Amino acid sequence: MEMTLQLVIDCADPQRLVSFWAEALGYVPEPPPGGHSTWREYWASTGVPEEELPAGAGETSESIIDPAGQGPRVWFQQVPEPKVTKNRLHLDLKVGGGREVPLAVRAQRVTVTVERLTKAGATVLRITDEPDMEHYAVLLQDPEGNEFCVV
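As the structure is a prediction and not an experimental result, all values here were calculated from the model.

What counts, and where the lines are drawn
Residues numbered from 1 in each chain as written. Predicted model: local features only at pLDDT ≥ 70, side-chain atom pairs only at ≥ 80, totals over all residues. Heavy atoms only, no water. Pairing = 2+ DSSP bridges. Helix = DSSP H or I, 4+ residues; strand = E, 2+ residues; numbered from the N terminus. Axes fitted to C-alpha atoms, helices over the stretch in contact; angles between N-to-C directions. Contact = heavy atoms within 4.5 Å. Phe/Tyr/Trp six-rings, centres within 6.5 Å; stacked < 30°, edge-to-face > 60°. Buried < 20%, exposed > 50% of the residue type's maximum accessible area, 1.4 Å probe, protein only.

## Points about the sheet that holds strand β7 (residues 135–141)
Sheet architecture is open: four strands sit in the order β5-β8-β7-β6, paired in mixed fashion. Since the sheet does not close on itself, it has two edges, and those belong to β5 (91–93) and β6 (123–130), each with one partner. When strand polarity is set aside, the average angle formed by the axes of neighbouring strands in this sheet is 20°. Looking at chain direction, β5 and strand β8 (residues 147–150) are connected through three bridges and run parallel. Residue D92 lies in a different strand from β8, and its bridge partner there is C149. Lying on the sheet, helix α1 (residues 14–25) is in contact with β5 and β8; it crosses β5 at an angle near 45°. Relative to β7, helix α3 (residues 103–119) is tilted by about 10°, and along the sheet it contacts β5, β6, β7 and β8.

Take a look at the structure:
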């Protein structure tokens, strides 16, 4: 039996996070299944009752996919409750190239990515700059407060 992985992120505003995380990961919004103009139309065709769909749900894509088909699908599930505590799971965006790349080069790659993501709506929480340990990373929050690292 084949297994695939989908990452689900609870949120208040799926469209906002689709835009942000598509930029962050180099993904694209997932189009609705063939023959359907929206996800809402698709869900209705599969029997999902209208009362189970929040206002506006499925009118635009609420998931993103890796255009190369290698990374997992990410679905932004609208939920009524806000995020209230620290994430128990977070993503590391590994852009530095690994320890075989000089620390200064890795730090520059991280900095460029952080600048791009702050323009897209991320907030920097902490910079970890430990040259003695050959480590440089930045902890950020997405537009809804979900924490992730750029390493």
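Moving on, there is more to tell.
## Regarding the pairing of strand β4 (residues 73–78)
Across six bridges, strand β1 (residues 6–11) lies against β4 in parallel orientation. The residue of β4 that forms the bridge with V8 is W75. By the bridge criterion, two bridges tie strand β3 (residues 63–65) to β4 in an arrangement that is antiparallel. Across the sheet, I64 pairs through a bridge with V74, a residue of β4.

## Here we look at the sheet that holds strand β2 (residues 28–29)
Taken in spatial order, the four strands make up an open sheet running β1-β4-β3-β2, and their pairing is mixed. Edge positions in the sheet fall to β1 and β2, since each has one partner strand and no second. Sitting on the sheet, α1 is in contact with β1, β2, β3 and β4, with an inclination near 160° to β4.

## Thoughts on the packing of aromatic side chains
Taken as a whole and assessed by the stated rule, the structure comprises five aromatic pairs. Ring geometry for W21 versus F148: centroids 4.8 Å apart, planes at 65°, classification edge-to-face. Here F148 lies in strand β8 and W21 lies in helix α1, a separation of 127 residues in the sequence. We note that W21, like F148, is buried. With 5.7 Å between their ring centres and 85° between their planes, W39 and Y42 make a pair best called edge-to-face. Note that W39 and Y42 are positioned in helix α2 (residues 39–45) at a spacing of three residues, about one turn of the helix. Connected via pairs of aromatic rings, a cluster forms that spans F20, W21 and F148.

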